[in-house]
Amino acid sequence: MNTFNKLATCALMMLVLAASAFAQAPGPETTLANLTEGQGTIANSGNPQWDGFSELVLIPGASLMGASSSSTALYITFTGGTEADIGNMVLYSTLRGNDAVIKATKVTLGGLSDPSINLTSTSVCPNGAPTVTVPCTIRLDTVKAALTTLDDYYFVIYFTLDTNNEKIVGAGQSVEPGALSGFYLYGDQTRIGAKGAIATNENTDQPAFFLTYVANE
Amino acid sequence: MKTIYKLATLTLMMLAASLYGFSQKPPKASGPENLERGVIGPVTSNGSWSGYSTLALIPGAGLIPVTNTNTVLYIGFTAGTEADITNMVLYTTPRGSSTISTVTPITLGGISNPSIDLASATVCPIVEISAVNPCIVRLDPVKLTLSALSDYYFVVYFTANDSNNGALGLTAPSFGQSSLRGSYISGNETTLGVGGSIPSSLSFSAQPYNLMYVMND
């Protein structure tokens, strides 16, 4: 009888556990949501030769659209080139409307902040080497940080001074830039520390060349 | 029997843990949320406002679907030591119409005719204010849920014949990506009543002076 009780109790408990698991409504799925309005069209005009240049893209806190996010995914788009050699990537935080850096967050791809991206690989660009009609959009590693409306953010990507980067082309001069605006400067702009200042944007509200979307995943 | 109790306890704990896990809700966006895409990027300064009203259009068509019971307006200053305001109101009109259906008083510190001490570090943390370091003042929350079926006009009248307002500088956006629009006119436009009209001479094709953000907190 003792053994029977043990087995019966065990079976009952397993049944309860299984029933409970099956009875659960499906957990809340994370839905892809834009955190700010990304670029509506992809173009490729106006690109400089990117070797040795940094692009700085403003993600304004004033444009955030209220989607829940504890993480941020940045997407960059190429419309030309075979390999992009990135020297470094960073996401700066400033107070809203201010240019003083309060925080610098490392941005990575495959765990590296200085990746070389093979744009001819179909595992990276499913349609092969990118063109303006078949652009290649790459999702960088998710940044474990929630964006706040009270701050502005600058995503900065520095392209190494090499021949591969002479040929890469971003998505630029779109007529529908969304809320993103970018400018570029020669040299590595990814090493600004806290209390340093973002360089002045003299290109006003030009569309970003590489950063195309900012989403929650 | 002791073993049975141990197994039962363990099973119940696992059950409780799994129930707790499934009951979690996705995280909400942290902090105040934008109700409208606000002013983006650097601002410039526009001066000498004695005897003028600024009118900022908050279009219902630009509302971000964020639940709000409160509406909070933020205004920006770039020069001066004191802003002397005679009155502030928020007009509601049907979407696309200039006929006023509701007039809501707007206040700062409980009064609709405040004098704002822009030289005070408690008001403007970065003294002295400039276009690079604008002073952004949060007005009192309004118990108002903005509707996509209405448009809203935020109007501030700066006291006439007032030397403080003569030296006053308001934020003027550089970038054109905000949903907010604005204009200005000589005289006090804060005394219009229900059934009155927003002045037809104003085009609202430009970015707003003064109003920077419309948020839920």
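Here the structure is a predicted model, which is why all the values come from computation and not from measurement.

## Side note on the overall build of chain A
If you tally the helices and strands in chain A, you get 2 helices and 10 strands. In chain A, which comprises 217 residues, the share counted as buried stands at 40%. Long-range pairs, those at least 24 residues apart, make up 88% of the contacts in chain A between residues at least 6 apart in sequence.

## Section: the overall build of chain B
The number of helices and strands found in chain B is 2 helices and 11 strands. For chain B, with 217 residues in total, the buried portion stands at 41%. By sequence separation, contacts in chain B at least 24 residues apart represent 87% of the contacts at least 6 residues apart.

## Observations regarding the pairing of strand S1 (residues 53–59) of chain A
Residue and element names in this part refer to chain A. Among the 7 residues in S1, 7 count as buried, and that is most of the element. Side-chain alternation along S1 places Phe53, Glu55, Val57 and Ile59 on one buried face and Ser54, Leu56 and Leu58 on a second face that is also buried. Across 6 bridges, the pairing between S1 and strand S9 (residues 181–186) is antiparallel. Bridged to Val57 within S9 is Gly182. The pairing of S1 with strand S7 (residues 151–159) spans 6 bridges and is classified as antiparallel. Looking at S7, one finds that Ser54 is bridged to Tyr158.

## Describing the environment of Thr102(B)
Residues and elements named next belong to chain B. Checked against the element boundaries, Thr102 lands in strand S5 (residues 102–105). Given 13 C-beta atoms within 10 Å, Thr102 falls into the partly exposed group. Sequence separation between Thr102 and Leu90 is 12 residues; the distance between their C-alpha atoms is 8.2 Å. In this structure Thr102 touches Thr92 and Val194, once residues within four positions along its chain are discounted.

What counts, and where the lines are drawn
Residues numbered from 1 in each chain as written. Chains lettered and ligands numbered in written order. Predicted model: local features only at pLDDT ≥ 70, side-chain atom pairs only at ≥ 80, totals over all residues. Helix = DSSP H or I, 4+ residues; strand = E, 2+ residues; numbered from the N terminus. Buried ≥ 20, exposed ≤ 12 C-beta atoms within 10 Å, placed from the backbone. Contact = placed C-beta atoms within 7 Å. Pairing = 2+ DSSP bridges.

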